[in-house]
Structure formats: C-alpha cells, structure tokens
Amino acid sequence: MGSRTMQPLVLDFGLFLVFCLAPVIALHPPLNQNKINSCHQDITSPTCYPLDCKDVYDSKFTANGVYWIFPNGHYSAPVQVYCDMTTRNGPWTVWRTSTASPLRGITACASTSQILTMTLVLCTTIISPSLMRETDTDCMWWTFKKGIYANLLPLFLDFGLFLVFCLAPVIALHPPLNQNKINSCHQDITSPTCYPLDCKDVYDSKFTANGVYWIFPNGHYSAPVQVYCDMTTRNGPWTVFQKRFDGSENFYRGWQDYKTGFGRANSEYWLGLENIHRITSQRYYRLRIELTDFDDDSRFAYFNNFSLSNERDDYRLYVVDFQEGNLCKPIGDSLTFHNGMGFSTYDHDRDMSSGNCAIAHKGAFWYFNCQCANLNGLYLRGPTNQFAMTWYTWRGYYYSMKITELKIAVK
C-alpha cells in the first residue's frame, strides 16, 4: 500500500486524537474540585489546600489522575497536576515526563505542565500494553508487532501525537489572563480584584481585554472557575454564562452537567447553574440576550433584573423589565413566559407540562408548558421541522439560531 494511499488514514488518526481525545484529556475538572469547594475557610487543612499529591492522597483520593494543588499557598490560584497514586513508594507528584521516540523533538511544543497529563493518559489508555513498554527513565516507547500496519504505525503515532502535543495546548490550555495576578495576591483575601466574583471585579483589576479569566463564585477559599468576560460591549463588563456559535458542544445534557457547567470558556460553554446562582445572589444584575440568525442578522435585548435561586429551589428564574436593544430590530420577549420556573433537564423534570419538556424539545431550560425560548436546544442551522435553539418571538418555533450569548452585568 503506497504512502499516498495511507495519507488520509494518518490524517484521520491524528484528527481523531485532537478532536476526540484532547477534550477528554484537558477538560475534565480535577478529581478533587468538589472537595476544595467544600472546604470554605478551613485554611489550616492540607487536605483542603494540598501542596502535593501526598496531601491529595491523605484526603482519600487514591486514583491516578489530575488534581488541584496549591504550591504557591492557600491564597493563590491552584495548579493542575497529575498524581500517580499507584506506583510503589508513592504517591508521586509528576512534574516532568521524559519520552523516547516517537515523541523526541515534539515535547518542545508545549510546557511540561501542559503535556504531562496527555503523556500519561496516552501511556495508559491509548496504546495497549502489547504495543508499549515502560522503562525507569522514559514514560513510554513503542515496539511494533508484525502485521500489515507494522511499518505505518510510527507514522500514525508521529502525526497524531504531534497534533495532540502541539495543537491541543494551543486550543485548550492557555491559562486565564488574570492567573499571574491571582498568584501574586497571597493573603489579601479582602480584595475583589484578587478573588473576583465576576467580570466587573476582573475589569476593576485593570484587565480590559475580552477573554478567559478566573473568577471565584464560591468564595475566596474555593477552586476558581474559568469564565469568558466581554469587556467591550456597551454597559458592561459582561460575565458570559452561555455561549454558542458553531454547534461543537453538546447541550442536550443532564442535571449534573447543567449544575456544574460544561464546555470551554474560550469556545462554546455553559458556566453552571450553581455558579450563576452564587454570582447573582451577591449583587444585582441585568441580563443581555444576543442572537444572530443564519442571515447574519444580529439583535439583542435586556432584562434589567436577573437572578437564579438555589438548587433546593431548582435554580428558579427571575427576570423583570424587558427592554429591546434596538427598536428598529426587535427580537421580542420570549423569556418572561418562563419567569418563575425551575430549571429542567431530561433527568430532572420541573416544568408544568404533563410530559417532560426537556425531552420533547431536546434541550434544558426554565420550561413552563413548554417553551417560547429554547436557547439550549439542538443546534440545527436555520429553518427546521424540529424544536431547536429557538427564540419564538423573533424567528418562531422552527428556526435554529446561529449564535446565542447570555451574559450578565452589575447594575
């Protein structure tokens, strides 16, 4: 089989690694995130603010994986690290991985902290034990079994690993823009610019560019959350809690995902109901809704009051005082119909319908009976015969929007 014939296979394998495995590798939250969020002000406990993987292990986390640690102290932003909990004489805090061919020369594309998780995951999950041999000094290297692909496997691995190690960090692992600021704060826990609640606090600490930042919706002593801050739109800065523009993220998800959040703040994402509740329970906010259709007609509207209740109350929606952004290009009020409703998903039905609106409309929202807005519905690219990512008072029930953003700003 000629090399030209095999090029599509090499590309397919490489793209599979980037688009299917990189999100799994880079985007799952650290295993001890909930533990850290629950610690509150217990700053004396090394299990709450672990220095290394030994402290993590002592807090009853015994599985290999990615965890938060606080090498710069309790009052700094945490760092993600891979913990080897099972190798003899551990637990081991992994700070460097050394690899032999076919990775030689590739590791320079990313810092050690960016590639260590991916390297170890590749060691343990992608390459089967029959194809891998570990040594004391190298993470892994491959020997190739006999067969038709014996001479081609190095090409697959070289190209695929190049994409994962060099491109995935660029796509997913840029640190939030205010990370150095937070690390420099040390014990100044009274400053909202050190431990911002929202993008207003970030802006007040002299960060004025649109982008991804750390915020602390659960308080100073919790793990931070990445959020996209719109610093330039009028009447902001705006804390973006929903962003969709290409259909790359699956929004037909269950209760737990909508509670904690999903996606990437620099791409399509949902910030999380708990985070939105925590933010809106501490200040007064207004809501901005931005919609774009597939004719690239962009419109927006406001609610001058917006908040969510807590989980016990199903994150009930409160919106008051609708206002068109541009009277010449109205979108209409499709959200007041949902005011006062709890949030529903396919596994957490809180609507007033005899059925399950989330299942019927393939989404998750503050459904009533059932909906006039379905902005977490299916991404179906314009006119459709299905319920989708819709806003009834503008394009009706059967038109899926191209772009939506939901964002809040301090009043």
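Before reading on, note that the structure itself is shown above.
Residues numbered from 1 in each chain as written. Predicted model: local features only at pLDDT ≥ 70, side-chain atom pairs only at ≥ 80, totals over all residues. Heavy atoms only, no water.

Participant: What is the right way to read the overall build of the chain from this model?
Facilitator: Each helix and strand in the chain was counted, giving 11 helices and 18 strands. Relative to its full complement of 411 residues, the chain shows a buried share of 50%. Relative to all contacts within the chain whose residues are 6 or more apart in sequence, the contacts with residues 24 or more apart total 54%. With an accessible surface of roughly 19300 Å², the chain has 53% of that area assigned to carbon and sulfur atoms. (Helix = DSSP H or I, 4+ residues; strand = E, 2+ residues; numbered from the N terminus. Buried < 20%, exposed > 50% of the residue type's maximum accessible area, 1.4 Å probe, protein only. Contact = heavy atoms within 4.5 Å. Areas by Shrake-Rupley, 256 points an atom, 1.4 Å probe, with all protein chains shown as cover.)

Participant: Looking at this structure, how should I read the packing of aromatic side chains?
Facilitator: Remark: the centre distance and the inter-plane angle together describe each pair of aromatic rings, the angle taken between the planes. All told, the structure shown has 27 aromatic pairs when counted by the stated rule. Geometrically, the ring pair formed by Tyr-258 and Phe-262 is edge-to-face, given 5.0 Å between the ring centres and 85 degrees between the ring planes. Assigned by exposure class, Tyr-258 and Phe-262 land together as buried. An aromatic cluster is defined as three or more aromatic residues linked by ring pairs; in this entry it consists of Phe-241, Phe-251, Tyr-258, Phe-262, Trp-270, Phe-306, Phe-343, Phe-365, Trp-366 and Tyr-367. If you follow Arg-288 out to its NZ or CZ, it ends over the ring of Phe-300, 4.0 Å from the centre. Stacked on the ring of Tyr-399, the Lys or Arg Arg-395 has its end atom at 3.8 Å from the ring centre. (Phe/Tyr/Trp six-rings, centres within 6.5 Å; stacked < 30°, edge-to-face > 60°. Lys NZ or Arg CZ within 6 Å of the ring centre and 35° of its normal.)

Participant: What am I meant to see in the sheet that holds strand β3 (residues 92–94) here?
Facilitator: In a beta sheet, neighbouring strands are held together by backbone hydrogen bonds and run either parallel or antiparallel to one another. With antiparallel pairing, the three strands of this open sheet are ordered in space as β1-β2-β3. Every other strand in the sheet has two partners, leaving β1 (65–69) and β3 as the edge strands with one partner each. On average, each strand axis in the sheet is inclined to that of its neighbour by 50 degrees, with strand direction left out of account. Sheet topology note: the strand β2 (residues 79–84)/β3 ladder contains three bridges and is antiparallel. Bridge pairing in β3 links Asp-84 to Trp-92. (Pairing = 2+ DSSP bridges. Axes fitted to C-alpha atoms, helices over the stretch in contact; angles between N-to-C directions.)

Participant: How should I be thinking about the environment of Trp-270 in this particular structure?
Facilitator: Looking at where Trp-270 falls in the secondary structure, it is placed in strand β10 (residues 269–270). Here the alpha-carbon distance between Trp-270 and Val-227, two residues 43 residues apart in the chain, equals 9.3 Å. Those residues in contact with Trp-270 that lie beyond four places of it in its chain are Phe-241, Gln-242, Phe-251, Asp-257, Tyr-258, Gly-261, Phe-262, Ile-276, Phe-343, Trp-366 and Asn-376.

Participant: Sorry if this is basic, but what is going on with the pattern of salt bridges here?
Facilitator: Side-chain pairing between opposite charges can occur once the charged atoms of the two side chains come close. If you walk through the whole model with that rule in mind, you get 18 salt bridges. Close ionic contact of Glu-274 with Arg-278 constitutes a salt bridge, the shortest N to O distance being 2.8 Å. Separated by four residues within a single helix, Glu-274 and Arg-278 lie in helix α9 (residues 273–280), roughly one turn from each other. Residues Glu-290 and Arg-288 are paired through a salt bridge, measuring 2.5 Å at the closest nitrogen-oxygen approach. Across the pair, Arg-288 and Glu-290 agree in class, each one buried. A single network of salt bridges, built from pairs that share partners, joins Asp-230, Arg-288, Glu-290, Glu-405 and Lys-407. (Salt bridge = Lys/Arg side-chain N within 4 Å of Asp/Glu carboxyl O.)

Participant: Can you walk me through a nonpolar patch on the surface in this structure?
Facilitator: A cluster of nonpolar residues, Phe-337, Met-352 and Phe-368, forms a patch on the protein surface that exposes about 280 Å² of accessible area. By the secondary structure assignment, Phe-368 is in the loop between α10 (357–360) and β14 (373–374). (Patch = residues over 30% accessible without salt bridge, like charges linked within 9 Å, V, L, I, M, F, W, Y side chains within 5 Å.)

Participant: Honestly, the pairing of strand β7 (residues 225–230) in this entry has me stumped. Any pointers?
Facilitator: Sheet faces and side chains relate simply in a regular strand, where the side chains alternate between the two faces. Bridge count between strand β6 (residues 211–215) and β7: five bridges; the pairing is antiparallel. Within β7, the position partnered with Val-212 by the bridge is Tyr-228. With three bridges joining them, β7 and strand β8 (residues 238–244) adopt antiparallel strand pairing. Bridge pairing in β8 places Asp-230 opposite Trp-238.

Participant: Would you mind going over the environment of Lys-54 with me for this structure?
Facilitator: Assignment of secondary structure puts Lys-54 in helix α3 (residues 53–58). As for Lys-54 and Trp-92, which are separated by 38 residues in sequence, their C-alpha atoms are 7.3 Å apart. Among the polar contacts listed, one links the side chain of Lys-54 to the side chain of Asp-58, at a separation of 2.7 Å. (Polar contact = N/O pair within 3.5 Å; in protein donor to acceptor, adjacent residues only side chain to side chain.)

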